[in-house]
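Structural characterization, general
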Amino acid sequence: MGVLTGVIALGHPLAALLPGRAWAVEMRALSSAEAAALLAMIRTIAPHDALDDAAYALVVNAIDGDAAGSAEARGDLKAGIASLGEGFALMPEDARALHLKRIESGVFFRSVRTKTLMVLYSNPIAWAHFGYEGESFSKGGYLLRGFNDLKWLPEVPLADSGAMPIG
């Protein structure tokens, strides 16, 4: 029915993971406008300013795929997106957040939030953004692969660490 498209910025870490800078996700149940509103909702639920829309589009694709299976699910999803209002995708983030706060106890919001958490944080595109290398078992475990490699944390003085001096 619709297509969700975007372009990954040159030099972005995700560019190395994808075959090209342009991406597109074909929708089976949603129109392009509905997919854009859902993407804005998902970005508001899990805001990461530097995370590319491609990672969020995977969540939209998963929700769209779930809804494509039955007329009832498709109708519920479309009604939920319609309840966001005309122009939701174009609203500033703080206005979107206020709107979502009003519907956060509803089934539509809870189902989108659950799917967002499940799909967004379990895909390699987001992992690359956050610096997570994925599971370690297939690579020999963590012990010999940076278990104690915390270069991103500042050094803690021994006196502040709570460690007992040796000797």
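Structure shown above.
None of the values given here were measured: they were computed from a predicted structure.

Procedures and definitions
- Residues numbered from 1 in each chain as written.
- Predicted model: local features only at pLDDT ≥ 70, side-chain atom pairs only at ≥ 80, totals over all residues.
- Heavy atoms only, no water.
- Helix = DSSP H or I, 4+ residues; strand = E, 2+ residues; numbered from the N terminus.
- Buried < 20%, exposed > 50% of the residue type's maximum accessible area, 1.4 Å probe, protein only.
- Lys, Arg positive; Asp, Glu negative; His and termini not counted.
- Salt bridge = Lys/Arg side-chain N within 4 Å of Asp/Glu carboxyl O.
- Axes fitted to C-alpha atoms, helices over the stretch in contact; angles between N-to-C directions.
- Parallel < 35°, antiparallel > 145°, perpendicular 65-115°, else oblique.
- Contact = heavy atoms within 4.5 Å.
- Nonpolar A, V, L, I, M, F, W, Y, C, P; charged D, E, K, R; others polar.
- Expected span 1.5 Å × (residues − 1).
- Phe/Tyr/Trp six-rings, centres within 6.5 Å; stacked < 30°, edge-to-face > 60°.
- Polar contact = N/O pair within 3.5 Å; in protein donor to acceptor, adjacent residues only side chain to side chain.
- Arc of directions from axis to C-beta.

**Brief notes about the side chain of Asp64**
Note that Asp64 resides in helix α2 (residues 53–68). Among buried Asp, Glu, Lys and Arg side chains, Asp64 stands out as unpaired, with Arg28 the closest opposite charge at 4.1 Å.

**A few points about the pattern of salt bridges**
Inspection of every chain in the model, using the stated rule, returns four salt bridges. Residues Asp53 and Arg43 are paired through a salt bridge, measuring 2.6 Å at the closest nitrogen-oxygen approach. Taken as a pair, Asp53 in helix α2 and Arg43 in helix α1 (residues 32–45) lie far apart in primary sequence, ten residues in all. On the accessibility criterion, Asp53 (29% relative accessible area) is partly exposed.

**Let's talk about the packing of α2 against helix α3 (residues 71–82)**
The geometry of α2 relative to α3 is characterised by a closest axis approach of 6 Å and an angle of 135° between their N-to-C directions. The angle between the axes of α2 and α3 places the two elements in the oblique class. Contact residues: Ile63, Asp66, Ala67 and Ala68 in α2; Ala73, Arg74 and Leu77 in α3. When the residues that make up the contact of α2 with α3 are grouped by side-chain class, the tally is five nonpolar, no polar and two charged.

**Focus on helix α5 (residues 107–120)**
The end-to-end C-alpha distance of α5 is 19 Å, a good match for the 20 Å that 14 residues give at a rise of 1.5 Å each. Its buried side turned inward, α5 meets α1, α2, α3, α4 (93–103) and α6 (124–130).

**Side note on the packing of aromatic side chains**
What describes a pair of aromatic rings is the distance from one ring centre to the other and the angle between the planes of the rings. This structure, assessed with the given rule, holds two aromatic pairs. With a centroid separation of 6.1 Å and an interplanar angle of 40°, the aromatic rings of Tyr121 and Phe130 are classed as tilted. Ring centres of Trp127 and Tyr132 lie 5.2 Å apart, and the angle between their planes is 85°; this geometry places the pair in the edge-to-face category. Relative accessible area serves as the criterion here: at 24%, Trp127 is assigned to the partly exposed category.

**Some points on the environment of Ser122**
Here Ser122 lies in the loop between α5 and α6. A polar atom in the side chain of Ser122 sits 2.5 Å from the backbone oxygen of Met118.

**Thoughts on α4**
Along α4, the residues that are buried comprise Arg96, His99 and Leu100. Buried residues of α4, seen end-on, are gathered within an arc of 100° and therefore sit on one face of the element. When the buried face of α4 is taken as reference, the exposed residues oriented beyond 90 degrees from it are Asp94, Leu98, Lys101 and Arg102. Where α4 is buried, its residues contact α1 and α5.

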